[in-house]
Amino acid sequence: MQIHRENSPSRPTVIVTRMVPGEVTIPSASVRILGDDKPSREQLLSGIRGASAIVTMFSDKVDAEFLNAAGPDLKGVCNYAVGFDNIDLEACKAKNVIVTNTPHAVTEGTADLAWTLILAVARRLIEADRFARSPEYTTRGPLGITEFLGTDLTGRNLLIVGAGRIGYATALRSIGWGMRIMYTARSRHVDFELAPLAARRVSLEEGLREADVVSIHTPLTPETRHLIDARAINLMKPTAIIINTARGPIIDESALAQALMERKIWGAGLDVFEHEPRVHPDLIGLDNVTMTPHIGSAEDKYRRLMTELVSENAGAILAGKEPPNRIA
Ligand code: NAP
């Protein structure tokens, strides 16, 4: 299904590859939405032909083939995400195509989801929910005092891997549990070290050894692919929890599944997967992993803010101005 919001042959066309909350509004352009659902690659490549700007989702691969399919009028790719590992920046540069993202708009929602997963894993929420729905709960009567024991968080050690916007917001939420915060990043982040976080900068190895909760917030880059591999997981405490709301390939999913099967760590909370939308088959049957289908920023208010940001970015690019969230 294609939805034409405005149409005039003299105006530049902005293609939005998926329906988004709110409305992509660019006064100087015709906006066309390709459809409700993810288009096939063929539908995507034929749908973007002639576009002056394209609003892409994190699952749209933007490479030379994509740029060639769009054609010579393309001036900008406005990613509806903060992460941009789906975009070949060099290919965009070679075609003088500007690339933008949506920082800040995703921060609170993704930090909330990281905490949803931390609490769900610590308190075995999925197992408990499944049991509460089962006839066994009604027939068996009150639970034994030793059943569904979780792990507590108060005063525990939290390691933030990737000390940026979402890492900060996730760390901030730990104050209610009086957690001791550590962070790891390539550079020093003084904001993490000041009140109220008072975080300690550590090496990844040191942090993994000490942490009770590890939360991943780096971008996916060649450097961070499999940053958490079997060796890294082996450093973790048997009582530790690992959360990934960043990008799936940052964790070696096979190594994690193996560690969870062998109960080498307490549990994992995953919003992202190495081969999305496929989940490693060994994870499916495990009760010490809680999984969500890449919904970090899936909250109406934040998604509408993302829609406003892509509109501002595309509008600026088409007007020949510097867009507010340029990444390349
Ligand atoms: P950000 O503000 O750019 O923070 C990322 C941090 O990672 C930076 O401060 C950087 O610090 C650090 N970093 C980069 N490379 C590193 C490395 N090799 N080792 C350790 N730290 C490294 O980004 P953000 O807004 O917080 O977003 C983080 C990521 O979350 C995004 O890239 C995106 O992939 C993901 N995300 C997922 C969802 C979802 O739906 N699940 C939603 C939003 C975002 P240094 O430069 O000092 O290393």
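For the structure given in this document, a descriptive report is provided here.

Here is what the cut-offs are and how they apply
- Residues numbered from 1 in each chain as written.
- Predicted model: local features only at pLDDT ≥ 70, side-chain atom pairs only at ≥ 80, totals over all residues.
- Heavy atoms only, no water.
- Core = buried A, V, L, I, M, F, W, Y, C linked by side-chain atoms within 4.5 Å.
- Buried < 20%, exposed > 50% of the residue type's maximum accessible area, 1.4 Å probe, protein only.
- Helix = DSSP H or I, 4+ residues; strand = E, 2+ residues; numbered from the N terminus.
- Contact = heavy atoms within 4.5 Å.
- Near = heavy atom within 4 Å.
- Polar contact = N/O pair within 3.5 Å; in protein donor to acceptor, adjacent residues only side chain to side chain.
- Areas by Shrake-Rupley, 256 points an atom, 1.4 Å probe, with all protein chains shown as cover.
- Nonpolar A, V, L, I, M, F, W, Y, C, P; charged D, E, K, R; others polar.

Focus on the nonpolar core
- Grouped together as the largest cluster of nonpolar side chains are 32 residues, with contacts concentrated most on Leu 159, Leu 208, Val 214, Ile 228, Ile 242 and Leu 256.
- Put simply, the parts of the chain that give this core at least two residues each are strand S7 (157–161), helix H9 (204–210), strand S10 (213–216), helix H10 (230–235), helix H11 (253–261) and strand S12 (267–270).
- If one sorts the elements of this core by residue count, H11 sits on top with 5 residues.
- Once you skip the residues sitting within four places of it in the chain, Val 214 turns out to touch Leu 159, Val 161, Leu 208, Met 236, Ile 241, Ile 242 and Ile 243.

Here we look at the site of the ligand
- Taken together, the neighbourhood of the ligand is formed by 26 residues, with Ile 166, Arg 186, Ser 187, His 189 and Asp 271 sitting nearest.
- Contact distances for the ligand include 3.3 Å between an oxygen atom and a backbone N or O atom of Ala 163.
- At a separation of 2.8 Å, an oxygen atom of the ligand approaches a polar backbone atom of Ile 166.
- Contact with the protein chains removes 88% of the 920 Å² of surface that the ligand exposes when unbound.
- Partitioned by chemical class, the residues of the shell around the ligand number 8 nonpolar, 13 polar and 5 charged.

Considering unusual backbone geometry
- Look at the link from Ala 195 to Pro 196: it is a cis peptide, with omega at 5°.
- Positionally, Pro 196 belongs in the loop between helix H8 (190–193) and strand S9 (200–201).
- The residue after Glu 276, namely Pro 277, is reached through a cis peptide bond having omega 0°.
- Of note, Pro 277 is situated in the loop between S12 and helix H12 (281–284).
- Phi angles above zero are rare outside glycine, and Ala 198 is one such case at about 45°.
- Within the fold, Ala 198 resides in the loop between H8 and S9.
- What makes Ala 198 exposed here is its relative accessible area of 55%.

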